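# Commentary on secondary and tertiary structure
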Amino acid sequence: MAVWYLMRGTGVVSLVLLTGVFALGIATRRRARIPTLPRFATLALHRSLSLLAVTFIAIHVVTALVDPYAAVVVVDLVVPFTASSQPLWIGLGALALDLVLALIVTGLLRRRIGRRAFRAVHWGAYAAWPLALVHAIGIGSDTATPWLRWVGVACVLVVAAGAAWRWGARPAQTTRASQSRTAPTTSVSPP
Ligand code: HEM
């Protein structure tokens, strides 16, 4: 019973942390500062949150293995859609885990594989977030409860806000860039 609670709790915390990692990753890639946070702090937070997320995901999958009711075996953790029970929902979790593992491996081999390959895998790994979200909605015992629904809605809103901030601000940046190209000595105030 305690294992089951631990599995559910760490699943939810993992999802919340992945949401933070995803949103901060968007912010860092924009090469812009989050207001009140210098860029290096955004990056450091992104890395620390990723480490924490990996820790909670590890506990989540180990407890899934240990919990007799989850009926999950080691292969199901990494090979999607092989579980004997709820293969689709467990498979989406396994896919999310595979992407997170790819992220860890390429992060460790970053200098060897080169920046381009690292970034390709890094961006691919962001799919871990929607996969984990759908996995949680599909299989979670708490999905029907209002609190988990609100957690899910909050996660989606955080990511939507991050995306809106990133893509919404782009035209203004382009305009400023093109203005400074055509009139380098003129100072342009933001709209
Ligand atoms: C990035 C990876 C993952 C994340 C973020 C994640 C997140 C979650 C969340 C939020 C829940 C719902 C918990 C609740 O209802 O309170 C859940 C449930 C569950 N997850 Fe995962 N999961 C991940 C990967 C996996 C993997 C790889 C497996 C096993 C192969 C797995 C097995 C389960 C099981 C069996 C449940 C049902 C627990 C219950 O009875 O409610 N998860 N997961």
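These notes cover the structure that comes with them. (Residues numbered from 1 in each chain as written. Predicted model: local features only at pLDDT ≥ 70, side-chain atom pairs only at ≥ 80, totals over all residues.)

It is worth spelling out the nonpolar core at this point. If you look at the biggest cluster of nonpolar residues, it comprises 33 residues, and the most contacted ones within it are Leu18, Ala96, Leu97, Val100, Ala128 and Ala132. Of all elements in the fold, only α1 (2–29), α2 (39–66), α4 (87–108), α7 (128–139) and α8 (146–168) reach the threshold of two or more residues within this core. When sequence neighbours within four positions are dropped, the list of residues in contact with Leu18 reads Ala53, Ala128, Trp129 and Ala132. (Core = buried A, V, L, I, M, F, W, Y, C linked by C-beta atoms within 7 Å. Buried ≥ 20, exposed ≤ 12 C-beta atoms within 10 Å, placed from the backbone. Helix = DSSP H or I, 4+ residues; strand = E, 2+ residues; numbered from the N terminus. Contact = placed C-beta atoms within 7 Å.)

Viewed as axis vectors pointing N to C, α2 and α4 meet at an angle of 135°, and their least axial separation amounts to 12 Å. When the interaxial angle is binned, α2 and α4 end up oblique. Read as a crossing pair, α2 and α4 show a hand that is left-handed. Contacts between α2 and α4 involve Val54, Ile57 and Val61 from the former and Leu97, Val100 and Ile104 from the latter. Considering only residue class, the contact of α2 with α4 consists of six nonpolar, no polar and no charged. (Axes fitted to C-alpha atoms, helices over the stretch in contact; angles between N-to-C directions. Parallel < 35°, antiparallel > 145°, perpendicular 65-115°, else oblique. Left-handed = near helix turned anticlockwise from the far one by under 90°. Nonpolar A, V, L, I, M, F, W, Y, C, P; charged D, E, K, R; others polar.)

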